[in-house]
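Structural overview for review
One letter stands for each residue in the lines below.
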Amino acid sequence: MAHGQANGQWYPPEWPDRIRALAAGSLTPVTPRRAATVMLLRDTGAGPVVHMLRRRASMAFAGGAYAYPGGGVDPRDDDRDIGWAGPTRAWWADRLGVDAAAAQAIVCAAVRETYEEAGVLLAGPTAGSVVGDTTGPDWEADRAALVARDLSFAEFLQRRGLVLRSDLLGAWARWITPEFEARRYDTWFFVAALPRGQRTRNASTEADRTVWITPAGAAAGYDKGELLMMPPTIATLRELSAYGSAAEALAAAPGRDLTPVLARARLADGEIVLSWPGHDEFTRRVRPAPAAGHTTEQNPTTTETGGAPA
């Protein structure tokens with residue numbers, strides 16, 4: 001079971017043992033799976049709000065934590081010929097730091113997961129349009145087929161005569177799950193605005209609640225220990241708090257540094273020091289292993305994992 005400690009931070013109790021095993025050379029890091037997550041924004045009189053979902057407590061990874069719609073890349077989207085609007089695949093490859101095929105798959109994952117988990121589709125019949133209401137039974141049948149992976153996103157777009165609107169996305173950050181984690185993701189975070197005429201709904205089987213909340217409000221809930229979150233989630237919320245509209249956040253995206261954030265673990269004075277470069281608030285110290293028969297407890301100064309779809 002996942003543990004939450006000070007603030008609303010989340011971490012798995014097996015971390016200390018896995019960190020020690022990694023340091024000792026007895027743990028081989030799992031290759032991270034490519035993933036994408038989208039911070040969907042909507043303007044209100046109180047400023048922009050972001051769409052978040054709460055992962056079911058029964059989820060093996062980050063159960064009970066608040067996150068954004070997101071998930072793993074579907075390898076079938078690497079090289080399919082799909083309708084595409086906005087910056088070219090080559091532009092996205094340069095922006096995301098990958099090759100063109102991988103860039104297409106990552107952007108597809110961002111758009112597909114937003115549709116699967118929030119019912120919002122960043123695509124339209126032309127390069128300058130976006131679909132309207134997607135809540136009808138025929139749309140739901142296609143969404144369910146995508147979730148089940150019975151239908152690839154490329155096939156879905158072709159069937160519907162749609163082009164993916166990559167210009168509606170802005171790449172915001174990249175986080176990689178620490179090497180000592182059993183489930184690892186190389187996750188690109190995107191920002192997007194809710195298209196006119198569409199509305200969100202809790203379409204995810206992995207979530208038991210969804211909310212529209214100001215980034216500052218969500219961060220305050222985390223700081224009070226009321227909302228559990230992982231490091232990339234709270235870090236991006238704090239960053240989004242600086243913008244007065246969805247358009248402002250989107251305009252800032254091209255200038256964002258996408259250098260991957262990867263946690264580091266080192267030994268210092270007999271303790272394991274866990275840190276995320278550039279994000280000092282998540283630094284924590286893990287005390288030496290207790291005597292046999294005792295459970296390992298961590299100092300509650302900080303906690304959490306980083307890099308999963310959040």
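Whatever comes next refers back to the structure up there.
Residues numbered from 1 in each chain as written. Predicted model: local features only at pLDDT ≥ 70, side-chain atom pairs only at ≥ 80, totals over all residues. Heavy atoms only, no water.

Check the secondary structure of the protein chain and you find eight helices and 16 strands. Here the protein chain holds 310 residues, and the buried ones make up 52% of them. Nonlocal contacts in the protein chain, meaning residues at least 24 apart in sequence, comprise 71% of its contacts between residues at least 6 apart. (Helix = DSSP H or I, 4+ residues; strand = E, 2+ residues; numbered from the N terminus. Buried < 20%, exposed > 50% of the residue type's maximum accessible area, 1.4 Å probe, protein only. Contact = heavy atoms within 4.5 Å.)

The subject of this paragraph is helix H4 (residues 137-147). Of all the positions in H4, only Trp139, Asp142, Arg143, Ala145 and Leu146 are classed as buried. Angular distribution of buried residues about the axis of H4 spans 160°; they occupy a single face of the element. One or two positions beyond H4, positive phi appears at arginine 149, with a value near 65°. (Arc of directions from axis to C-beta.)

Read across the open sheet, the three strands follow the order E7-E9-E8; overall the sheet is mixed. The sheet is open, and its two edges are formed by strand E7 (84-85) and strand E8 (123-124), each paired on a single side. The pairing of E8 with strand E9 (residues 163-165) spans two bridges and is antiparallel. Bridge pairing in E9 links glycine 124 to valine 163. (Pairing = 2+ DSSP bridges.)

Position of leucine 40 among the secondary structure elements: in strand E3 (residues 33-44). With 80 residues separating them in the primary sequence, leucine 40 and valine 120 have C-alpha atoms 9.2 Å apart. What leucine 40 contacts, discounting residues up to four positions off in sequence, is Val49, Val50, His51, Thr114, Val120, Ala192, Ala193, Leu194, Thr200 and Trp212.

What follows deals with the nonpolar core. Grouped together as the largest cluster of nonpolar side chains are 41 residues, with contacts concentrated most on Leu96, Leu121, Leu169 and Phe190. Where this core is concerned, the elements lending two or more residues are E3, helix H2 (89-96), helix H3 (100-118), H4, helix H5 (153-160), strand E10 (169-176) and strand E11 (185-193). Here this core takes ten residues from H3, the largest share from any one element. Not counting the four nearest positions on each side in its chain, leucine 96 is found in contact with Ala103, Ile106, Val107, Ala171, Arg174, Trp188, Phe190 and Leu258. (Core = buried A, V, L, I, M, F, W, Y, C linked by side-chain atoms within 4.5 Å.)

With eight of its nine residues buried, E11 lies for the most part within the structure. In this sheet, E11 lies alongside E3 in parallel orientation, the contact comprising nine bridges. Each bridged residue has a counterpart across the sheet, and for alanine 36 the counterpart in E11 is tryptophan 188. The pairing of E10 with E11 spans seven bridges and is antiparallel. Bridging from a neighbouring strand, alanine 173 pairs with phenylalanine 189 of E11.

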